[in-house]
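Below, each chain spelled out in residue letters.
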Amino acid sequence: MTDTPATAPATTAPAVTRHRIDATDIARVAVFAGIIAVLGLPGGFTIFGAVPITAQTLGVMLAGAVLGPWLGALSMTVFLGLVAIGLPLLSGGRGGLGVFVGPSAGYLIGFVVGALVIGLIVHAGRRKPTLWRTFTGIVVGGIVVVYAFGIPLQALITRLPLGETFLTSLVFLPGDLIKAVLATAITMTLLRAYPRAFRRTWR
């Protein structure tokens, strides 16, 4: 007589739920694209370079932190798509395809990737955002990533040495750090006052 192995009880794997973009998500994406456009209305100014200092990176930071990685990146893509067709949504009323071959081109690309990275860090592991993880994500995505795309392309387009371009671009840093603190404060305030704005279920 041979022993028959005990049959392990059947287990069912947890269902994987995929979030599909619905009308509310589309509206949220449009709202943040609009926020970035509004932040460009005051215009910008340049110091030691051809790239203007503007408030629009604040919108990038908020989009990634509130919408999350994919919708945040989508809102940036929608915004840049509107710029590409000629709408004067960038600071100083700039728009059209020409801005994508100008000194600011790398920074514009960085908007999309930066929002993605911010969302990945802020909402890492589907955990509820914390103060320090939010600030870290905003600094990494909204400053480091944007600079990583912006500075090399600016150097290439302006034909200036990379080191010189990097040093002159440091003029952006104090203002961007202030915007990072402000974006973190807004995100954490919204999290406490109206968590439904994030449309997420946290662990």
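Here, every reference points to the structure presented above.
Here goes a summary of the coordinates provided. Model, not experiment: these values are computed from the prediction.

## Examining the overall build of the protein
No. 1: Along the backbone of the protein there are seven helices and zero strands.
No. 2: The linear arrangement of helices and strands in the protein, starting from the amino end, is α-α-α-α-α-α-α.
No. 3: Relative to all contacts within the protein whose residues are 6 or more apart in sequence, the contacts with residues 24 or more apart total 68%.
No. 4: Accessible surface for the protein amounts to roughly 11300 Å². Of this, 71% is attributable to carbon and sulfur atoms.

## Re the pattern of salt bridges
No. 1: This structure, assessed with the given rule, holds four salt bridges.
No. 2: Measuring nitrogen to oxygen at the nearest pair gives 2.9 Å for the salt bridge that ties arginine 199 to aspartate 22. One end of the pair, arginine 199, is in the segment after α7 (173–193); the other, aspartate 22, is in the segment before α1 (23–39), with 177 residues separating them in the sequence.
No. 3: Arginine 199 sits in the partly exposed class, given a relative accessible area of 35%.
No. 4: The partner of arginine 28 in a salt bridge is aspartate 25, and the shortest N-O contact between them spans 3.1 Å. One end of the pair, arginine 28, and the other, aspartate 25, are both in helix α1, three residues apart, so they sit about a helical turn from each other. As far as burial versus exposure is concerned, arginine 28 and aspartate 25 are alike and both buried.
No. 5: Ionic contacts of the salt-bridge type, sharing partners, join the residues Asp22, Asp25, Arg28 and Arg199 into one network.

Basis of the calculations
Residues numbered from 1 in each chain as written. Predicted model: local features only at pLDDT ≥ 70, side-chain atom pairs only at ≥ 80, totals over all residues. Heavy atoms only, no water. Helix = DSSP H or I, 4+ residues; strand = E, 2+ residues; numbered from the N terminus. Contact = heavy atoms within 4.5 Å. Areas by Shrake-Rupley, 256 points an atom, 1.4 Å probe, with all protein chains shown as cover. Salt bridge = Lys/Arg side-chain N within 4 Å of Asp/Glu carboxyl O. Buried < 20%, exposed > 50% of the residue type's maximum accessible area, 1.4 Å probe, protein only.

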